[in-house]
Amino acid sequence: MIPELLNDQKSYFKTGQTLSITHRKTLLKALLNQLVAREQDITDALYNDFKKPEFESVLTETAIVIQDLKHTIKKLNKWAKPKRVCPALLNFPSSDYLYAEPYGSVLVIAPWNYPYQLAIAPLVGAIAAGNTVVLKPSELTPHTSALISDIIKTVFKPEHVTVVEGGVDTSTKLLEQHWDYIFFTGSVNVGKIVAKAAAVNLTPTTLELGGKNPCIIDDTANIKLAAKRIIWGKFVNAGQTCIAPDYILIHHSKKDAFYKAMKHEVELAYSTTPQQSKDFARIINLKNFERLSKMLTNQNCIIGGQTDADTLYIAPTVIDNPTLDSEVMKDEIFGPILPVISYQNDSKLETIILSYNKPLSLYVFGSNSAKAKQLIQKFSFGGGCINDTIVHFANHRLPFGGVGNSGLGAYHGHYTFDTFSHKKGVVKKANWLDIPVRYAPYNGKLDLVRKVLNWL
Ligand code: NAD
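Residues numbered from 1 in each chain as written. Predicted model: local features only at pLDDT ≥ 70, side-chain atom pairs only at ≥ 80, totals over all residues. Heavy atoms only, no water.

## So, the site of the ligand
Then, in step 1: Inspection of the region around the ligand gives 27 residues, with Ala110, Glu139, Ser187, Leu209 and Glu332 positioned closest.
Then, in step 2: In the model, an oxygen atom of the ligand is placed 2.7 Å from a nitrogen or oxygen of the Ala110 main chain.
Then, in step 3: Here a nitrogen atom of the ligand sits 2.7 Å away from a polar atom, N or O, in the side chain of Ser171.
Then, in step 4: When the ligand is considered free in solution it has 840 Å² of accessible area, and contact with the protein chains removes 89% of it.
Then, in step 5: At the level of secondary structure, the elements contributing two or more residues to the shell around the ligand comprise α7 (168-175), β6 (181-185) and α8 (188-200).
Then, in step 6: Sort the elements by how many residues they give to the shell around the ligand and α7 lands first, with 3 residues.
Then, in step 7: Classifying every residue of the shell around the ligand by side-chain character gives 16 nonpolar, 7 polar and 4 charged.
Then, in step 8: Shared between two domains, the shell around the ligand holds at least three residues of each, these being domain 1 (2-209 + 404-423) and domain 2 (214-394). (Near = heavy atom within 4 Å. Polar contact = N/O pair within 3.5 Å; in protein donor to acceptor, adjacent residues only side chain to side chain. Areas by Shrake-Rupley, 256 points an atom, 1.4 Å probe, with all protein chains shown as cover. Helix = DSSP H or I, 4+ residues; strand = E, 2+ residues; numbered from the N terminus. Nonpolar A, V, L, I, M, F, W, Y, C, P; charged D, E, K, R; others polar. Domains from an automatic or database assignment.)

See the structure below:
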C-alpha cells in the first residue's frame with residue numbers, strides 16, 4: 001500500500017498542480033478553517049491521550065499552529081517569489097536570482113509529546129513550498145493521530161497529502177521508500193535510523209532531536225523570577241518537552257534561596273497536592289513512567305518524588321545534587337524531574353556541560369549581561385534564552401533546531417518554507433556586452449586577470 005501511495009503522490013507532483021501559489025494558499029486556508037473549527041476536538045484528543053490540560057493544549061499546540069498557518073498564508077507570495085541577489089562583478093553584465101522549488105515527495109514523521117503541533121507545523125511548510133506529503137503521527141497518541149488523519153482527509157486529495165497511522169513497523173516501511181525529503185522529529189536513536197535510511201537514496205533530511213539541556217543560574221540571578229520561569233518551562237506538558245531545562249547548574253551561594261522559591265512556586269502553580277491539579281499532565285505510557293521512576297531511586301527529592309503507576313502520575317520533582325553517574329544524569333530526562341547541581345566556579349560548569357553532546361537548548365539566568373552573553377557564546381546548542389526557558393520556540397523569526405546530536409536543520413516561520421524548498425541559483429547574462437578576457441586563446445591575458453582579481 002505504501003509504495004502505491006508514494007507512486008500516486010509522485011505522479012500527482014509531476015502534474016504540476018502543487019506548483020500554483022494560489023492553489024497552495026487555497027488549501028492552506030481550507031486547512032486553517034478546519035483547524036479553527038475543530039480546536040475543541042483537538043484539545044479533547046490531547047486530553048484523552050495524556051491528560052494534557054486544555055490551557056496548555058491551546059497555548060502550546062493549537063494557537064501556535066493557527067498563528068503559523070496565518071503567517072504562512074500571508075507571506076507565501078513573498079517567500080515563493082524568485083529573489084534577486086547582487087551579481088558577481090566577474091559576470092558583468094548579469095542579473096542573478098534564487099528560485100525556490102519544491103523537493104517533491106516529503107515524508108514527515110512526528111513524535112508524541114506535542115503530537116498535534118509537531119505534526120502539523122512541518123506539514124504546513126511542506127505544502128506551502130509545493131510538495132506532496134505523507135505524514136506519520138505517533139502511535140502513542142492514538143486520539144490525536146486519528147483526528148489529524150480525519151482532518152487531512154477533509155482538506156486534501158490523498159495523492160497530495162495523506163496521513164499514514166502506525167508504529168515502528170509502519171515507520172520502517174515508509175523509510176524504505178525513496179523520498180525527496182524527510183522531516184523527522186523524535187529521539188536521537190531513531191534519528192540515526194532515519195539518517196541511515198535517507199543515506200541510501202541521498203535524501204536530504206531535517207532531524208529535530210533531543211538532548212540534555214543545561215540551565216545555568218549564576219550568582220547574580222533574580223531567584224524568585226528564575227524559579228517561576230523554570231517551573232513553567234520544566235513542568236508544562238509534565239516535563240515531556242524537548243527543550244525543557246533538563247538539569248540546573250546553580251551557583252552554590254544561591255541554592256538555598258532557589259529551593260525555597262521553587263517550593264513556593266510549585267505550590268502556587270499546582271497546589272500542595274499536584275496529583276489533584278487539573279493543570280498538570282500525565283506521563284505518556286507505562287514504559288516511560290517506569291523509566292522515569294527509576295531515576296528517583298536513592299535520590300534526595302527536595303520537592304515531589306511521589307509516583308502513581310495506575311494514573312501514570314509523577315509529581316513535579318526537584319532532586320538535590322545527584323551524582324553525575326546516577327540514572328537521572330545519564331540521558332535526556334523527558335519528564336517532570338529536575339536535578340539541581342551546585343557549582344563554585346565556571347570550570348565545573350564547563351566540565352559538566354561539555355561532558356554531554358551538544359544540547360537542543362541552553363538557558364542562563366543572571367543579571368550580568370556580559371557574563372550571560374559570554375556563556376551563550378561559549379557553548380554550542382540549538383537555541384535558548386537568557387532569563388527565561390523554552391520561549392524562544394514562540395518567535396517565528398528565530399530558526400528552531402538542534403546542532404550535532406540534537407539535530408540537523410531548523411524550521412519555523414520562513415525557515416520552514418526554506419527547509420522544504422531547494423534554492424536554485426541562476427545567473428541571467430545580458431547580451432549587449434561580452435567581455436572577451438575569459439575565452440581562449442589565453443595568451444597574455446593572465447596579468448590582466450590577476451590585476452582585476454586583486455582589485456576586486
Ligand atoms: P521516537 O524517536 O521514539 O519516535 C518518533 C517517531 O519515530 C514516532 O512517530 C515513532 O513511531 C517513530 N519511530 C520510533 N521508533 C522507530 C524506529 N525504530 N524506526 C523508525 N521509526 C521509529 O520519539 P518520541 O518518543 O516520540 O519523542 C521523544 C523524543 O523526541 C525526545 O528525545 C525528544 O527530545 C524528541 N523531540 C524533539 C523535538 C524537537 O523539536 N527537536 C520535539 C519533540 C520531541
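## Remarks on the UniProt feature "active site" (unreviewed entry) in the protein chain
Then, in step 1: Following the UniProt record, one finds the feature "active site" (unreviewed entry) at Glu208 and Cys242. Spanning 35 residues, the named residues nonetheless gather at one spot, since no C-alpha pair among them exceeds 9.2 Å.
Then, in step 2: Tracing the chain through its elements places Glu208 in strand β7 (residues 205-208).
Then, in step 3: Look past the residues within four positions of Glu208 in its chain and what remains in contact with it is Phe183, Phe184, Thr185, Gly186, Phe400, Gly401, Ser406, Gly409, Ala410 and Tyr411. (UniProt positions renumbered as here; feature names shortened; annotations may be inferred. Contact = heavy atoms within 4.5 Å.)

## Considerations on the side chain of Thr18
Then, in step 1: In this fold, Thr18 is placed in the loop between α1 (2-14) and α2 (21-37).
Then, in step 2: Accessibility expressed as a relative area gives 2% for Thr18, which makes it buried.
Then, in step 3: If we ignore the near neighbours within four places in the chain, the residues touching Thr18 are Tyr12, Phe13, Arg24, Gly130, Asn131, Thr132 and His160. (Buried < 20%, exposed > 50% of the residue type's maximum accessible area, 1.4 Å probe, protein only.)

## Brief notes about helix α5 (residues 117-128)
Then, in step 1: Look at α5: 16 Å from first C-alpha to last across 12 residues, which is about the 16 Å you get at 1.5 Å a residue.
Then, in step 2: For α5, a buried count of 12 out of 12 residues is recorded, marking the element as mostly surrounded by other parts of the structure.
Then, in step 3: When we look at burial in α5, the residues that qualify are Gln117, Leu118, Ala119, Ile120, Ala121, Pro122, Leu123, Val124, Gly125, Ala126, Ile127 and Ala128.
Then, in step 4: Positive phi appears at Gly130, one or two residues downstream of α5, with a value of about 95°. (Expected span 1.5 Å × (residues − 1).)

## A few points about the sheet that holds strand β2 (residues 94-102)
Then, in step 1: Reading across the sheet, the 3 strands line up as β1-β2-β18 and stay open at both edges, with antiparallel pairing between neighbours. Strands with a single pairing partner mark the edges of an open sheet, and in this sheet they are β1 (83-85) and β18 (421-429). The mean angle between the axes of side-by-side strands here comes to 30°, regardless of whether they run parallel or antiparallel. (Pairing = 2+ DSSP bridges. Axes fitted to C-alpha atoms, helices over the stretch in contact; angles between N-to-C directions.)

## Quick word on the pattern of salt bridges
Then, in step 1: This model, assessed by the stated rule, comprises 16 salt bridges.
Then, in step 2: Residues Glu139 and Lys136 are paired through a salt bridge, measuring 3.5 Å at the closest nitrogen-oxygen approach.
Then, in step 3: Note on Glu139: relative accessible area 37%, which makes it partly exposed.
Then, in step 4: Residue classification places Lys136 among the buried positions, given a relative accessible area of 3%. (Salt bridge = Lys/Arg side-chain N within 4 Å of Asp/Glu carboxyl O.)

## Quick look at the sheet that holds strand β5 (residues 161-163)
Then, in step 1: One open sheet accounts for 6 strands, arranged β5-β4-β3-β6-β7-β17; its pairing is mixed. Bordering the open sheet on either side are β5 and β17 (407-408), each of which pairs with just one other strand.
Then, in step 2: Examined bridge by bridge, strand β3 (residues 105-109) and β6 share 4 bridges and lie parallel to one another. In the strand pairing of β6, Ile109 is matched with Phe184.

## Here's the deal with the packing of aromatic side chains
Then, in step 1: Summed over the entire model, instances satisfying the criterion amount to 16 aromatic pairs.
Then, in step 2: Between the aromatic rings of Phe92 and Trp432, the centroid separation amounts to 6.0 Å while the plane-to-plane angle is 90°, which identifies the pairing as edge-to-face. Placement of the pair is Phe92 in the loop between β1 and β2 and Trp432 in the loop between β18 and α15 (446-455), with a sequence separation of 340 residues.
Then, in step 3: What makes Phe92 partly exposed here is its relative accessible area of 40%.
Then, in step 4: The exposure class assigned to Trp432 is exposed, which follows from its relative accessible area of 61%. (Phe/Tyr/Trp six-rings, centres within 6.5 Å; stacked < 30°, edge-to-face > 60°.)

## Looking at the domain arrangement of the protein chain
Then, in step 1: Per the domain assignment, the segments of the protein chain are domain 1 (2-209 + 404-423) and domain 2 (214-394).
Then, in step 2: A C-alpha centroid distance of 31 Å is found between domain 1 and domain 2.
Then, in step 3: Where domain 1 abuts domain 2, roughly 1,700 Å² becomes buried across the two surfaces, and 61% of that area is made up of carbon and sulfur atoms.
Then, in step 4: Looking only at domain 1, the three residues that lose the most surface to domain 2 are Phe50, Glu56 and Trp112, adding up to 28% of its buried area.
Then, in step 5: The interface formed by domain 1 and domain 2 contains 0 salt bridges. (Buried area = accessible area lost by both parts, 1.4 Å probe.)

## A word on the state of the cysteines
Then, in step 1: Here the structure, examined in full by the defined rule, presents 0 disulfides.
Then, in step 2: Residue Cys301 stays outside any disulfide, its sulfur separated by 19 Å from that of Cys215, the closest cysteine.
Then, in step 3: In this structure Cys385 is not part of a disulfide, and its nearest cysteine sulfur, from Cys215, lies 9.4 Å away. (Disulfide = S-S within 2.5 Å.)

## Thoughts on the nonpolar core
A general trend in soluble globular proteins is that nonpolar side chains are found buried together.
Then, in step 1: If you look at the biggest cluster of nonpolar residues, it comprises 85 residues, and the most contacted ones within it are Leu31, Leu123, Ile217, Ile230, Ile248, Phe258 and Met262.
Then, in step 2: Mapped onto the domain boundaries, this core takes at least three residues apiece from domain 1 (2-209 + 404-423) and domain 2 (214-394).
Then, in step 3: Not counting chain neighbours up to four residues away, the residues in contact with Ile248 comprise Cys215, Ile217, Ile230, Phe258, Leu338, Pro339, Val340 and Ile341.
Then, in step 4: Residues Leu296, Ile319, Ile337 and Phe381 belong to the second largest nonpolar core, which totals 27 residues. (Core = buried A, V, L, I, M, F, W, Y, C linked by side-chain atoms within 4.5 Å.)

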